[in-house]
Amino acid sequence: MENFQYILPEIFISVSIMLFLLFGVFKKNSASLIYNLSNISLVILLALIINLSSLEKIFLFNNSYLLDNLSNYMKIILVGSGIFVMLTGSKYIQVINLNKIEYPILILSSILGMMIMISSNDLIVFYMGLELQSLALYVLASFNRDNLLSTESGLKYFVLSALSSGLLLYGCSLTYGFSESTNFDQILINSTEFNYGTTFGIVFILVGLAFKISAVPFHMWAPDVYQGSPTSVTLFFAILPKIAALSVFIKFLYTPFASMNDQWQTIIVFISIASMIFGAVAAIGQKNLKRLIAYSSISHMGYSLAGLATVSNQGIQSSITYISIYLVMNLAFFSCLFMLKRNDKYYENIEDLSGLSKKHPILSFSLLIVLFSLAGIPPLAGFFAKFYVFLAVIEQSMYFLAIVGLLATVVAAFYYLRIIKIIYFDPEKEEFETSHNLGLKITLAISTIFILAYFIYPSGITEIVSKINMI
Amino acid sequence: MNFPILSSLILLPTIGALFILFTKSSSGKYQSSKYVALFISLANFLLSLYLWYVFDKNSIDFQFVENREWLSGFINYKVGIDGISILFVILTTFITPICIISVNATIKNRLKDFLIAILIMETFMIGVFCSLDLVVFYLFFEAGLIPMFLIIGIWGGERRVYSAFKFFLYTLLGSVLMLVAIISIYWITGTTDVEKLYELGIKAEYQNLLWLAFFSSFAVKTPMWPVHTWLPDAHVEAPTVGSVLLASILLKMAGYGFIRFSIGLFPIASEYFTMLVYILSLIAIIYTSLVALMQEDMKKLIAYSSVAHMGFVTLGIFTMTQQGIEGSIFQMISHGLISAALFLSVGVVYERHHTRLINKYGGLVSIMPRYAIVFMVFTLGALGLPGTTGFIGEFLILMGAFEKNILVAMIASLGVILGAAYMLWLFKRVVFGKINNQELKSMKDLKTFEIITLSALVIPILFFGFYPEPLMNSIESSVENTLTMYNFDLINSLASKD
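Everything in this summary refers to the structure shown in the same document. (Residues numbered from 1 in each chain as written. Chains lettered and ligands numbered in written order. Predicted model: local features only at pLDDT ≥ 70, side-chain atom pairs only at ≥ 80, totals over all residues. Heavy atoms only, no water.)

Below, the discussion takes up the overall build of chain B. Within chain B, the regular secondary structure consists of 21 helices and two strands. Taken over C-alpha atoms, the radius of gyration comes to 22 Å for chain B, in line with the 23 Å a tight globule of 498 residues would show. Projecting the C-alpha coordinates of chain B onto the three principal axes gives extents of approximately 75 × 55 × 40 Å. Relative to its 498 residues, chain B shows a buried fraction of 66%. (Helix = DSSP H or I, 4+ residues; strand = E, 2+ residues; numbered from the N terminus. Rg over C-alpha atoms; globule rule 2.2 N^0.38 Å. Buried < 20%, exposed > 50% of the residue type's maximum accessible area, 1.4 Å probe, protein only.)

What follows deals with the interface of chain B and chain A. Taken together, the contact pairs 33 residues of chain B with 37 residues of chain A. Buried area between chain B and chain A, summed over both chains or domains, comes out near 3200 Å², and the portion from carbon and sulfur atoms is 86%. Interface area lost by chain B to chain A is led by Trp70, Phe165 and Trp187 of chain B, which between them contribute 17%. Run the count over chain B and chain A and you get zero salt bridges. Our enumeration of links across chain B and chain A arrives at five residue pairs in polar contact (both at pLDDT 80 or more). Put simply, the parts of the chain that give the side of chain B that touches chain A at least two residues each are strand S1 (63–71), helix H5 (134–143), helix H6 (145–155) and helix H7 (160–189) of chain B. Examining the composition of the side of chain B that touches chain A, we find that 16 residues originate from one element, H7 of chain B, more than from any other. (Contact = heavy atoms within 4.5 Å. Buried area = accessible area lost by both parts, 1.4 Å probe. Salt bridge = Lys/Arg side-chain N within 4 Å of Asp/Glu carboxyl O. Polar contact = N/O pair within 3.5 Å; in protein donor to acceptor, adjacent residues only side chain to side chain.)

Residues and elements named next belong to chain B. The end-to-end C-alpha distance of helix H19 (residues 406–431) is 37 Å, a good match for the 38 Å that 26 residues give at a rise of 1.5 Å each. Near the N-terminus of H19, the side chain that reaches the backbone nitrogen of Leu407, with its oxygen 3.3 Å away, is that of Asn405. Once H19 ends, the next one or two residues include Gly433, with phi positive near 85°. (Expected span 1.5 Å × (residues − 1).)

All names here are of chain A. A cluster of nonpolar residues, Val15, Leu19, Leu22, Val25 and Phe26, forms a patch on the protein surface that exposes about 530 Å² of accessible area. Inspection of the secondary structure assignment puts Phe26 in helix H1 (residues 8–26). For Phe26, a relative accessible area of 69% gives the class exposed. (Patch = residues over 30% accessible without salt bridge, like charges linked within 9 Å, V, L, I, M, F, W, Y side chains within 5 Å. Areas by Shrake-Rupley, 256 points an atom, 1.4 Å probe, with all protein chains shown as cover.)

Our focus in this paragraph is the packing of aromatic side chains. One pass over the full model with this rule turns up 66 aromatic pairs over all chains. Their ring planes at 45° and their centres at 5.7 Å tell us that Phe375 of chain B and Phe427 of chain B sit as a pair that is tilted. You can see Phe375 of chain B sitting in helix H17 (residues 369–383) and its partner Phe427 of chain B sitting in helix H19, a full 52 residues away along the chain. Here Phe427 of chain B falls in the buried class, since its relative accessible area comes to 7%. Ring centres of Phe427 of chain B and Phe432 of chain B lie 5.2 Å apart, and the angle between their planes is 85°; this geometry places the pair in the edge-to-face category. Classification of Phe432 of chain B as partly exposed rests on a relative accessible area of 40%. Site record: aromatic cluster; members linked through ring pairs are Phe137, Phe141, Trp211, Phe214, Phe215, Phe218, Phe258, Phe261, Phe266, Tyr272, Phe273 and Phe318 of chain B. Its guanidinium or amino end placed over the ring of Phe432 of chain A, Arg342 of chain A lies 4.4 Å from that ring's centre, counting from NZ or CZ. (Phe/Tyr/Trp six-rings, centres within 6.5 Å; stacked < 30°, edge-to-face > 60°. Lys NZ or Arg CZ within 6 Å of the ring centre and 35° of its normal.)

Residue and element names in this part refer to chain A. Where H1 meets helix H2 (residues 31–52), the closest approach of the two axes is 9 Å, and the angle between their N-to-C directions is 170°. When the axes of H1 and H2 are compared, the pair comes out roughly antiparallel. Contacts between H1 and H2 involve Leu8, Pro9, Phe12, Ile13, Ser16, Phe20, Phe23 and Gly24 from the former and Leu33, Ile34, Leu37, Ser38, Ser41, Leu42, Ile44, Leu45, Leu48, Ile49 and Leu52 from the latter. (Axes fitted to C-alpha atoms, helices over the stretch in contact; angles between N-to-C directions. Parallel < 35°, antiparallel > 145°, perpendicular 65-115°, else oblique.)

The next subject is the side chain of Glu122 of chain B. Residue and element names in this part refer to chain B. Tracing the chain through its elements places Glu122 in helix H4 (residues 111–130). Although Glu122 is buried, it forms no salt bridge, and the closest oppositely charged side chain is Lys252 at an N-O distance of 16 Å. Separated by 3.3 Å, the side chains of Glu122 and Asn44 make a polar contact. In contact with Glu122, not counting residues within four places along its chain, are Pro13, Ser41, Asn44, Thr92, Thr93 and Thr96. (Lys, Arg positive; Asp, Glu negative; His and termini not counted.)

What follows covers the packing of H2 of chain A against helix H4 (residues 102–119) of chain A. Residues and elements named next belong to chain A. Two elements in contact, H2 and H4, have axes whose closest approach is 9 Å; the angle formed by their N-to-C orientations is 20°. With respect to H4, the element H2 is oriented roughly parallel. Of the two elements, H2 crosses H4, and the hand of that crossing is left-handed. Residues Ile34, Tyr35, Ser38, Ser41, Leu42, Leu45 and Ile49 of H2 form the contact with H4, whose participating residues are Tyr103, Pro104, Ile105, Leu108, Ile111 and Met115. (Left-handed = near helix turned anticlockwise from the far one by under 90°.)

This next bit is on the side chain of Ser334 of chain B. Among the structural elements, Ser334 of chain B can be located in helix H15 (residues 322–353). Not counting the four nearest positions on each side in its chain, Ser334 of chain B is found in contact with Thr389 and Gly390 of chain B.

Our next topic: the state of the cysteines. Residue and element names in this part refer to chain B. Counted by the stated rule, this structure contains zero disulfides over all chains. Counting only cysteine sulfurs, Cys130 is the nearest neighbor of Cys99, a cysteine outside any disulfide, at a range of 18 Å. Among the residues examined, Cys99 registers a relative accessible area of 1% and is labelled buried. (Disulfide = S-S within 2.5 Å.)

Both trends apply: most residues other than glycine have a negative phi, and most peptide bonds are in trans. Pro378 of chain A connects to Pro379 of chain A through a cis peptide bond whose omega is 5°. Its location among the elements puts Pro379 of chain A in the loop between helix H15 (361–375) and helix H16 (381–395). The residue after Thr222 of chain B, namely Pro223 of chain B, is reached through a cis peptide bond having omega -10°. Along the chain, Pro223 of chain B turns up in the loop between helix H9 (204–221) and helix H10 (230–237). Even without a glycine there, the phi angle at Ser214 of chain A is positive, about 55°. Tracing the backbone shows Ser214 of chain A in the loop between helix H8 (196–212) and helix H9 (221–228). Given the relative accessible area of 0%, Ser214 of chain A is considered buried.

A separate point is the environment of Gly460 of chain A. In this structure, Gly460 of chain A sits in helix H19 (residues 459–465). In sequence terms Gly460 of chain A and Leu48 of chain A are 412 residues apart; their C-alpha atoms lie 22 Å from each other.

Let's shift gears to the pairing of strand S1 (residues 57–60) of chain A. Residues and elements named next belong to chain A. On S1, burial follows the alternation: Ile58 and Leu60 on one face are buried, whereas Lys57 and Phe59 on the facing-out side are not. Bridge count for S1 against strand S2 (residues 65–68) is four bridges, and the pairing is antiparallel. Residue pairing in the sheet places Phe59 in a bridge with Leu66 of S2. Linking S1 back to S2 in an antiparallel pair, the connection comprises four residues, with Phe61 at a positive phi of about 50°. (Pairing = 2+ DSSP bridges.)

Now for helix H11 (residues 261–282) of chain A. Residues and elements named next belong to chain A. Taking 1.5 Å as the rise per residue, H11 with 22 residues should run 32 Å; its terminal C-alpha atoms sit 30 Å apart, in good agreement. Turning to H11, its buried residues number three or more, namely Trp264, Ile268, Val269, Ile271, Ser272, Ile273, Ala274, Ser275, Met276, Gly279, Ala280 and Ala282. Here the buried face of H11 lies against H8, helix H10 (231–254), helix H12 (289–308) and helix H17 (399–424).

The structure is reproduced here in structure tokens:
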């Protein structure tokens, strides 16, 4: 029983989910209440996780569950961004009539799944967490069920994700078959010699994970799902599953498969380069902002994988820093998107931004900052994210990866600039509403100031992240 | 010297910009914002003059150095100046108030945003010339793209979007390779601190590639042939003030970079690639001069002449002689003043007549005599007449070139003749001749603020043309030091080969 104090956060959130569910069933019209309660429970959850984060490394439940610096940090940014996602979306789901009790509960259960994924140290535990989060996500994607695009995206995500889960599972069973264990550490010990079985296992597992992280060539679902889902769910998609998947990526590559880095390094480099280039090129022609951000997130995932490809602590840390800054940028971007509202209708095409700067100087300025940051122009936070990654990549003399990545940023800069052009240079259109809920405003303010002022004290995140050592 | 004078110089304009951001002004006029901006930029100018006054001109070390921990453990925020950079800092702080005064005429809408952009721009430009760490340098170097992109794009002419994109993407493309090089330097030597790098030196085997990466960035920014094509577009479409900033300061970042980084850090590679730079510079000088001859748009003509003048600068730097480098620095300062003045002059007539086409003008001398006089001074400065700053720069560069390579110098001298040709022809067509266009007759002569800005530029052009000593004095020991280090490194590398 002494193990249970360490998984207090997970227990707490499971109990909350069940309570909310019961509460929602027995009390009518309690959607808003549950939404707020869920948000509060996320704050408590964050406090519980931070409370445990001083611990160095603890194995639980027969080594199948692991708390270490990596999982603590990832859980903190996961739950932290979850809070902001809930804050920004609260008004949106009311306006488009999605305010049902299932919505916050699904988000909580998906977060629970991700937490299990992040902490798992065993193939079976990992798969359990993965499926919990995926199941919640399928429903979330199609949550706006009267909308054709939303149902399509839910179905599409379900079919493709099920396929990738199948591949992942196949990879897991191969790995188990050849290394005789499902425990990550045990797999590492047992797989000392090269054999094709484990190699195939790695490939299948990587494919499944690359799907979750929407890296090329397993990205096909991302644009449709991003566009079709309700915007608040898109924001969720853009941030939280990426954090969890990246964390699992790190875990898989550097625990069970650590000794086989010559096998997977090429795969990661390829996925990384392909994502960077594809994300940059394919976004150019997009007209829908959500679709565009889907492609942009594909290329951003490419950069964070580039850090992983280095097989060095520096690289892992740079990836984690990258995803931390990436999530802030996405929060800021989507906060801006939530502000494009007129007569209870949300606008999400690039053309709708035309001439925004004349009537909404502050909103446009925030967008300007976010877009330049996404493009990686100094002195904004996005530049530092890329800088750390390339610092790690060049340390390992992977010049090709670095140069391709940097050239891809130039291509990507084009489409970010195009949005800025439309905001600042084009003739103005009708005004948008200016009254927004407090949570949205706070999120936008915090994230924009973070991006803008990051250069003043850039070592903050680095210092925290530098504790995460996998090798 | 505990007072962080350089950081104050860098940050003051940003503080001013923030101040403007939060002040409310009666809609449309923005008088108060303008005064705030002017006040801040003048204060900055005075601060930089004070800096020049207390600056020890005989020392070869970096002065007023500030070194603070920044990126935990491995990169420091380090700024400092020597005799070379101080001149560029003063040039920047001198040009900015002039830009802010001239804002009156050219910028009609969103004045407040424009002033903020200019002040932020000033921060970045001063930062570039002060930074003594490669990463800090890169940060300022690239950050300048954002305000400039907005200046061209929001307040520019008809094809502003195209030009703004071209400007941004060209420069960014050049710079990313420099970022790779900077990071590589960090891993090769363990530091990006420029002073330490001067001491440590970089191994010969890495130098060529690193030099090329830096070159790709500086060549775009200079701009050198064949990557100069963004410049005419950007100049033509930018508002007058934008062109002034672009021509007089932004282009100098690259020239400064060549001296500080290319020569300073990679002497062996610089020696190796000298011929390449010579050839590109000569093409720039001759080819763009010829192109300038055929231009019908005044701004475009001046833009091409800028490329030619910058060709002289790169040529002078890579002669690796005391005269050549001093001449290049002098030429950069002089070009900063003269091209700013020329663009302002074009702005004067453009604002009155709304066209930049040369053939729409003619005979301005009888309508606007004062304008004709100042414009003549600037024209003569641009073609390098003795008595103006333009002459001293070109003369020294050619002297340096003759010492190293007579053929190169001969060809470059042709550029001087061509320069005289296009500038005088421009002057003849605009100012002299009969008034063919009757609309011109209603044009008024210079207004007070135009007299202020233009005479503020005439004075240093003539003063330093006759008496270059103060400027020369300041750069002499630093250039000497740069060359000593350069030759020392070269000899060492030759010795190690034998």
